[in-house]
Structure formats: C-alpha cells, structure tokens
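# Observations on the model geometry
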Amino acid sequence: MMYGNLFYAGIWGMVILFCSTAAITQKPSGKYQAICDTSSLLDDAAFSKGLVLEGTNTSTVRRDVFIFPYGRHARQVQWGLAEWGSRYPLRAFKKNTTGKKAVYAARGKKIIFEKCAGSRHITMEVAASEEYNAPRREGVEWPHLLLGQTFSGKPFLKDLEGLVLKFSGRLTKAVLRMPQNEFDRGLHTAQFQLFITVENLNPASPGHGDFFWFGIPFYDYRYKTIQRFAAQDLGKSDASGKFIYSMGSMDFMNGSFHSGQWITVEKDILPMMKNAVELAKQRGYLNGSAFEDLGLSSMNLGWEVPGTLDVGFEFKGFDVLKRVRR
C-alpha cells in the first residue's frame with residue numbers, strides 16, 4: 001500500500017532519540033472465550049523460508065529473485081520484499097553474514113535478519129538522502145521498503161471472533177536530510193506502518209475482488225500521536241484509488257515510537273476493522289459487497305519515505321492471530 005495524500009495535521013520537528021531498556025506494553029482487555037481456536041494469519045511468521053525480491057516498480061513485479069537469510073529451503077517462499085520507487089535495488093548475492101545476522105544492503109537501504117530467542121529480529125533502514133537529488137515534489141515517486149505476503153488461508157470477517165496484532169519494536173534512527181525551510185508536512189515524511197487488505201472473497205458476488213486498505217501506523221516522523229484517518233488512496237500514478245482506513249496510534253498502543261524505546265503491542269483490531277467496513281460503505285465504497293463477502297487477503301509492513309530522511313526501525317515477535325469459533 002502506498003499513502004498518496006500525506007495526511008494528519010500537526011507540528012513537525014527533528015526527532016531526538018534516546019535508548020532505553022524499558023518497554024511499554026499494551027495488551028488486549030478481557031479474556032478470550034475457550035470456544036475459539038487461535039492460529040497465525042501469517043504464513044511463515046518466522047521468515048524461515050526466505051523472501052522474493054519483488055523489484056522497484058509495481059508494474060513489473062519480479063517473482064524469480066530470492067533471498068534466504070536463514071538458509072535455503074525447499075518449501076515455497078511466502079514473503080515478498082518490495083522496493084517500490086527506489087533507485088538502488090537490493091541484490092540477492094549481496095548477503096553479509098555475521099554471527100546470527102544476515103545483512104542485505106544497497107545504496108539507500110538495508111535490511112537485517114537476526115535469530116533471537118523465540119522469534120526473528122528484523123531491522124529495516126532507508127537512507128532517502130541517497131534517493132532524492134532535491135526535496136520531493138507533488139506526484140513524484142518515493143522509496144519503499146516493505147515486507148508483504150498474500151495469505152494462503154483467507155478468513156472471512158464473519159467467521160472471526162478476534163484478530164490480535166502482536167508486535168514489539170523501536171525506532172532506531174530518524175534524521176532529516178533536507179533544509180527545514182523546505183519541509184512540507186503535506187509532501188514530506190517517513191512512515192513505518194502495517195496494512196492489511198480487506199477484500200471481497202466471494203466469487204458469486206458482484207463486488208468480487210474489490211477491497212480496501214486497513215492500516216496500523218506505528219510511526220510517522222511528523223507526529224508523536226497519529227490521528228485516525230480515512231480517505232481515498234491517491235497521489236501517485238499507480239495509486240489504487242481504494243479506500244484507506246488507518247487507526248489512530250492511541251487506538252492500539254500507549255506511548256510513541258518517537259521515544260526510541262521498545263514498545264510492545266498486543267491488541268484485538270477486529271472491532272475497528274468492522275467499523276472501517278461500515279465507514280467505507282457510508283462513503284460509497286465496496287458497492288456490490290456485503291459484509292459476509294469480506295475477508296483478509298494480504299498485508300505489508302515497513303517504510304514509506306516521501307521526504308529526505310534517513311530512518312531505521314527494528315522489530316521482533318510480529319504476528320497476527322486469528323481467533324475462529326470452533
């Protein structure tokens with residue numbers, strides 16, 4: 001997903017980071033009923049099977065170049081790594097292994113995979129100062145670094161009793177590399193976020209294949225507190241034109257990743273996803289789609305950097321758990 005019109009209103013400034021071992025934890029309220037089965041929505045949540053490098057252009061997505069940070073596997077690769085709008089793509093052979101870390105780097109970006117107890121630890125960095133020769137103008141592409149997948153099992157919303165986001169991460173770097181007097185909040189920022197597509201999965205429905213973007217915004221350079229947002233995906237030649245609903249940061253977490261602290265999130269996002277469906281219909285989207293037709297089809301997680309900023313984020317324990325009635 002690509003944010004077209006860069007939204008939110010507020011005051012921007014240079015981010016001053018500090019390191020801390022303290023963690024802020026947000027857990028779901030209430031107890032889940034024993035009548036539900038819980039499983040991961042994600043395929044290969046540990047990234048153990050490798051990833052396909054999808055390229056730098058949405059119109060020419062590649063499916064034949066792979067990276068294997070944890071060793072080559074015979075089973076099917078589930079994850080993709082997209083670099084839309086980037087000038088300097090990653091190369092599969094540019095792997096540097098140090099201890100438990102596998103590093104893939106190119107001019108303008110870096111991704112690090114690390115084994116840690118109980119999960120995978122991933123760091124994603126974008127150096128947009130290498131991508132832009134001048135501050136970005138309206139309509140100009142911007143660099144992405146996105147982990148994504150299409151779900152092999154696409155659950156219908158009507159069958160879900162819960163959808164629990166699990167995520168632990170921290171911002172490692174956010175440095176403005178353009179003149180402050182040229183920074184435009186409507187054009188320039190860096191965002192680290194998760195998007196899930198809610199799609200009409202019913203082949204018999206007139207709206208089959210229609211979808212909208214449901215967003216979880218972990219970080220926006222401009223604002224410590226990110227406001228809820230709902231609008232159309234616009235602003236680029238390849239924008240989807242579909243409805244975007246993005247939660248506010250206070251809807252799913254306490255604190256702000258601007259602090260540089262580790263923050264752990266564990267939140268049932270299903271109620272707000274259902275609200276997003278209602279709002280989409282009120283605004284004229286999803287015509288020909290009933291609630292019973294809608295399910296979860298894909299996701300992406302990572303950086304979009306429409307401003308000249310050098311940024312980094314690390315995370316571990318990422319998962320989305322579906323709770324289905326037995």
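Rules of the game
Residues numbered from 1 in each chain as written. Predicted model: local features only at pLDDT ≥ 70, side-chain atom pairs only at ≥ 80, totals over all residues. Heavy atoms only, no water. Buried < 20%, exposed > 50% of the residue type's maximum accessible area, 1.4 Å probe, protein only. Helix = DSSP H or I, 4+ residues; strand = E, 2+ residues; numbered from the N terminus. pLDDT = per-residue confidence, 0-100. Contact = heavy atoms within 4.5 Å. Salt bridge = Lys/Arg side-chain N within 4 Å of Asp/Glu carboxyl O. Pairing = 2+ DSSP bridges. Core = buried A, V, L, I, M, F, W, Y, C linked by side-chain atoms within 4.5 Å.

We now examine unusual backbone geometry. Trans is the common state for peptide bonds, and a negative phi is the common state for residues other than glycine. Its identity as a non-glycine residue notwithstanding, D44 has a phi of 55°, on the positive side. Residue class for D44 comes out buried when judged on its relative accessible area of 12%. Backbone geometry places F47, a non-glycine residue, at a positive phi of 60°. Looking at the secondary structure, you find F47 in the loop between β2 (36-40) and β3 (51-55). When its relative accessible area of 3% is taken as the criterion, F47 is described as buried.

What follows deals with the confidence of the model for the protein chain. Confidence in the prediction for the protein chain averages 87 pLDDT; 87% of positions are at 70 or higher. Throughout residues 1-32 the model reports pLDDT below 50, and contacts reaching past four residues in sequence, or to other chains, amount to 113 contacts.

Let us look at the pattern of salt bridges. With the rule as written, the count across this model stands at eleven salt bridges. Between R170 and E314 there is a salt bridge, and its shortest N-O distance comes to 2.5 Å. Of this pair, R170 sits in strand β11 (residues 160-176) while E314 sits in strand β18 (residues 309-325), and the two are 144 residues apart along the sequence. The same class applies to R170 as to E314, namely buried.

Below, the discussion takes up the pairing of β3. The two faces of the sheet receive side chains in turn, since in a regular strand these alternate between them. For β3, the buried fraction is high: five of the five residues fall into the buried class. Where β3 meets strand β4 (residues 66-67), two bridges bridge the pair, whose relative direction is antiparallel. Each bridged residue has a counterpart across the sheet, and for V52 the counterpart in β4 is F66.

The biggest cluster of nonpolar side chains holds 74 residues, and the ones touching the most others in it are F214, W303 and F318. Here this core gets seven residues from one element, more than from any other, and that element is β11. If near-sequence neighbours (up to four positions away) are discounted, F214 is found in contact with L194, F195, I196, V198, Y245, M247, I269, M272, M273 and A276. Counting residues in hydrophobic clusters, the runner-up holds five residues, among them W213, F229, A231 and I244.

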